[in-house]
Amino acid sequence: MEIRQTSADDLATFVETFHAALGRFPEAPADATGVWWAGIEAHRGLLATQDGRPIGTATSCSFELTLPGGVVVPAPGVTCVGVLPTHRRQGVLTAMSRRQLADLRDQGEFLAVLLASEATIYGRFGYGIATYSHRLTVQRHQAAFRTNTADTGSIELLTRPGATEVLEKIYDRYRRAQPGAVSRPHRWWERGAGQPPIAPADRYVAVHRSSDGLPDGYATYALDNGTLTVDETIATNDSAFTALARFVLSHDLVTQVVFKHFPPEHPLRWQFADFNAGVLGPHMDWLWVRLLDIPRALTARGWFTDGELVLDVDDPFLGEHNRYLLTIHNGHAECVPTDREPDLSLDVRDLGSIYLGGTTPSTLVRAGHIKAHNGNSATRADAIFRAERPPHCLHWF
Ligand SMILES: CC(=O)SCCNC(=O)CCNC(=O)[C@H](O)C(C)(C)COP(=O)(O)OP(=O)(O)OC[C@H]1O[C@@H](n2cnc3c(N)ncnc32)[C@H](O)[C@@H]1OP(=O)(O)O
């Protein structure tokens, strides 16, 4: 087997091979716009071949990720991972992952992210679940608000695809302040890549503007048989979110409103007179994080509690084992090698899971994945790794 980097000439083969791995046929308009894979950057791909024939694919997109503290960093988004059904379970993905992670490190990346098709695949390569996705289903006739504060802004109703520019602007402002959010490069909006609302499917777009006319939120939605489904409710402040939620819940001919990608620990349910008007679920993994340079990753994010921890980190896939002293002071971290006794021993995948603050270290101690070496180290780590708000990602790639 050989693994080589792709060029623009390989795009058709790459797309065909990946679709064959999915058991699907590619929709392939000549100009490659309006298809979900239109955002792929041809030169970033890897193609595995055997006897000159393609058998596997993987690539990454050049995204940015917002870390706790509103720090925006480069984050290759690994995607289009596939191996032909004829060549599975022979180590093709393992070899591609090894090559891809080595390449990303050589390019100076300190982390990578992905969305997993199955939650059983990527832990072995050092990725950990860092954010979650769930939906909120609200019975419209049960959803009276506890108080009726009038919105000082306004809502305009547009349709896709005419709303691209305003959606792109609002999303970009939102994602820079939301830990766990991934950027949507202009190329994605321009080419209609991914899923709605980036992909220009039939949708209504409610754009919220603040009292001074600044667009500060949107909800994109469609109504089918009494269910109004909101792809995304994006807001740069709480009152815009509430106004958009009120708006979609005020539609006639609607029995229930389904908010996809409902943000974790969001206050909307507290705003209903009847807390049980909305039901959460299912609760699924979403963004996975793979740390490639632990000191750089830990010193990059913002921190909110002073303290220190000794982390003993095992990285079996890359064959590395290191112990670090993490010291947090005034929102900044120092992370240096140490031979002090550890507070926590953990796998790099578990460090990926706690990195954005979406899962507490003590949850993974209780799960038996992280080992806490003394009585208070898990609760100390919980306080230290907490983010300003739970991380959330709703970008699909
Ligand atoms: C980020 C993304 O792009 S998500 C999309 C992932 N792609 C898909 O789901 C498309 C359909 N599936 C596939 O193409 C392939 O099955 C892949 C890419 C998931 C796996 O490729 P393979 O070449 O078979 O993986 P490989 O042989 O390297 O397996 C390595 C290990 O992972 C395990 N593994 C691989 N896939 C799976 C799976 N779907 N579920 C559980 N375990 C798996 C293997 O059993 C093996 O375990 P072992 O080391 O204990 O023996």
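Residues numbered from 1 in each chain as written. Predicted model: local features only at pLDDT ≥ 70, side-chain atom pairs only at ≥ 80, totals over all residues.

Some remarks on the domain arrangement of the protein chain
Then comes step 1: Domain parsing of the protein chain yields domain 1 (2-109), domain 2 (134-285) and domain 3 (294-385).
Then comes step 2: Between the C-alpha centres of domain 1 and domain 2 there is a distance of 31 Å.
Then comes step 3: At the junction of the two partners, domain 1 supplies 17 residues and domain 2 supplies 19 residues.
Then comes step 4: Looking at the side of domain 1 that touches domain 2 residue by residue, the classes come out as nine nonpolar, seven polar and one charged. (Domains from an automatic or database assignment. Contact = placed C-beta atoms within 7 Å. Nonpolar A, V, L, I, M, F, W, Y, C, P; charged D, E, K, R; others polar.)

With respect to the sheet that holds strand β13 (residues 278-285)
Then comes step 1: Spatially, seven strands are ordered β8-β9-β10-β11-β12-β7-β13 in an open sheet, and the strand pairing comes out mixed. Bordering the open sheet on either side are β8 (154-159) and β13, each of which pairs with just one other strand. Averaged over neighbouring strand pairs, the angle between their axes works out to 25° when direction is ignored.
Then comes step 2: Note that strand β10 (residues 215-224) and strand β11 (residues 227-235) share eight bridges and pair antiparallel. Residue Thr220 lies in a different strand from β11, and its bridge partner there is Glu232.
Then comes step 3: Helix α3 (residues 164-177) rests against β9 (204-209), β10 and β11 of the sheet, and its axis sits at about 120° to β10. (Pairing = 2+ DSSP bridges. Helix = DSSP H or I, 4+ residues; strand = E, 2+ residues; numbered from the N terminus. Axes fitted to C-alpha atoms, helices over the stretch in contact; angles between N-to-C directions.)

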